[in-house]
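Below, each chain spelled out in residue letters.
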Amino acid sequence: MGKRIIRVRRKNKKKRRRRVATLLLLLAMLIGGGFYYVSQVYTASFQDLGRGDKSDLREEAVDIGDEPISILLMGIEDYSTNGQAGRADTQIVMTLDPETKKITMTSVPRDTKVEIPASKVGENYAGEHKINAAYSLGEVSGYGGEKLTVETVENYLNIPIDRFATVNFDGFTEIVNLLGGVTIDVKEPFWERSSLDWYKKIEFEEGPMKMDGEEALAFVRMRKREANLTYPRDERQRQFIQASIDEAISAGTLFKAGDIADILGKNVKTNLSPQELFAIQKTFSSEKAQTETFNIEGENKRLEDGLYYFVPDEESLTKVKNDLKNALGLKASTGEDSSSSQYSSSEEPSLTN
């Protein structure tokens, strides 16, 4: 009996490691449904940022699979704009260190106040905005939604963003329905309106709940109910992604991989190449992989323009910036407050948090 329990624990541990590895990309369905389908959707999914093979905050390009890297994951909500100029309401910065097998996740609050320069979007769109608007401003100005969001996050956290992946949550909805639904352990009860029918309320009770695509989208969207204060969107979105991965790696899903690949081709954008995806998957599917979450503490406040913004605790923000640089094995060549700092790899990366 004891040996059986140990085997079960080892099996569950392996499953968690595999789940963390695929979470890196927000392309989890693609990997779970069969990595060899990457080539089928790559042409439709690839999005070049037009900056060569490295961030402007890098002195040299990183070797993905051998050196610590960062990936910005963006969840795009464009259901209210008919698929045009949506908002990057989910922004998660992930760092991956292939030597230590360490992964970190940092959610950037969607209402964070940032400055968008006229040099990038023109005078009509420049000024102070919430960070989730960077994607739509990049789209309507012609600068590029992914490019402006990546650069805005780089400027805010003062670290290079090496790669990105965006996913349209409607695409996740289609996949959820294709999978036959996902089961999520709801931590607090709340309700949210359906994105398909404004008059329809979807109730979420505490405990495990099997959700279809419509319900899952409502689950990750909610932000105006009281429960959002203690059960925030980024936590629910991570739950949703992980639940989707659990379904995607099931044996039955393999037979649906072609359909999943077709959906991803229409709803996912990334500048990760198939070779880089494979290198990441190969490196971080090990049992030694570990994950850590960095949290930017702060509060929502109404500022002088009458709008509510997320105002970070400066000490917390500084700590997260330092933690991220440590995770990437980077050191600043100028002061922490400089948005134009250049970074280079330290000889012995510090991972102390």
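All of the points below concern the structure found in this document. Sequence order as written defines the numbering, with residues in each chain counted from 1. Per-residue local features of the predicted model are confined to residues with pLDDT of at least 70, and side-chain atom pairs are confined, for both listing and counting, to 80 or more; whole-chain, interface and lining totals are unaffected and use all residues. With hydrogens and water excluded, all non-hydrogen atoms of the structure serve as input to the side-chain values.

Considering the packing of aromatic side chains
- Aromatic pairs are defined between Phe, Tyr and Trp rings, using the six-membered ring for Trp, whenever the two ring centres lie within 6.5 Å; interplanar angles under 30 degrees are classed as stacked, those over 60 as edge-to-face, and all others as tilted. Applying the stated criterion across every chain yields a total of six aromatic pairs.
- Relative to Tyr231, the ring of Phe219 lies with its centre 6.2 Å away and its plane at 70°, an arrangement referred to as edge-to-face. A residue pair is termed long-range when its members are at least 10 positions apart, and Phe219 in helix 8 (residues 213-221) and Tyr231 in the loop between helix 8 and helix 9 (233-248) qualify at 12 residues. Comparing Phe219 with Tyr231, the two get one shared label, buried.
- Put simply, the rings of Phe190, Phe204, Phe219 and Tyr231 pair up and form one aromatic cluster.
- Stacked on the ring of Trp191, the Lys or Arg Lys201 has its end atom at 4.2 Å from the ring centre.
- For a Lys NZ or an Arg CZ to count as sitting over a ring, it must be within 6 Å of the ring centre and within 35 degrees of the ring normal. Over the face of the ring belonging to Phe190 we find Arg236, whose NZ or CZ atom lies 5.3 Å from the ring centre. The secondary structure listing takes helices from DSSP runs of H or I that are at least 4 residues long and strands from runs of E that are at least 2 residues long, numbered from the N terminus. Only protein chains enter the accessibility calculation, which uses a 1.4 Å probe; a residue is then buried when its area is under 20% of its type maximum, exposed when over 50%, and partly exposed in between.

A word on the pattern of salt bridges
- When a carboxyl oxygen of Asp or Glu lies within 4 Å of a side-chain nitrogen of Lys or Arg, that pair is called a salt bridge. Evaluated as defined, the whole model comprises 17 salt bridges.
- Between Asp89 and Arg233 there is a salt bridge, and its shortest N-O distance comes to 3.8 Å. Here Asp89, found in strand 2 (residues 87-97), pairs with Arg233, found in helix 9; they are 144 residues apart in sequence, far enough to count as distant.
- Residue Asp89 is classed as buried on the basis of its relative accessible area of 6%.
- The salt bridge involving Asp323 is made with Lys319; its shortest N-O contact spans 2.8 Å.

Some words on unusual backbone geometry
- Positive phi outside glycine occurs at Lys101, with the angle close to 60°.
- Looking at the secondary structure, you find Lys101 in the loop between strand 2 and strand 3 (102-107).
- A positive phi angle, close to 60°, is found at Asn158, a residue other than glycine.
- Position of Asn158 relative to the elements: it lies in the loop between helix 6 (145-157) and strand 6 (163-168).
- A residue is classified by how much of its surface remains accessible, and Asn158, at 1% relative accessible area, is buried.

Description of the layout of surface pockets
- By volume, the largest pocket amounts to about 840 Å³.
- At the level of elements, strand 2, helix 9 and strand 13 (298-302) are the ones that each hand at least two residues to the lining of the largest pocket.
- Among the elements that line the lining of the largest pocket, the one with the most residues is helix 9, at five residues.
- By the convention adopted, Pro, Cys, Tyr, Trp, Phe, Met, Ile, Leu, Val and Ala count as nonpolar, Lys, Arg, Asp and Glu as charged, and the other residues, Gly among them, as polar. In terms of residue class, the lining of the largest pocket is made up of eight nonpolar, eight polar and 12 charged. Points on a 1 Å grid, built from protein atoms alone, make a cavity when a 1.4 Å probe fits but cannot get out and make a pocket when they are open with protein on both sides within 12 Å along at least 5 of 7 lines; residues with an atom within 4 Å of a point are the lining residues. Grid points are joined across faces, edges and corners, and a volume is the space filled by probe spheres set on the points.

What about helix 6?
- Multiplying 1.5 Å by the helix residue count minus one yields the expected span of that helix. Under the 1.5 Å per step criterion, the end-to-end length of helix 6 is 18 Å for 13 residues, consistent within 8% with the ideal 18 Å.
- The element helix 6 is extensively covered by neighbouring structure, given that 11 of its 13 residues are classed as buried.
- Looking one or two residues past helix 6, Asn158 carries a phi angle of roughly 60°, positive in sign.

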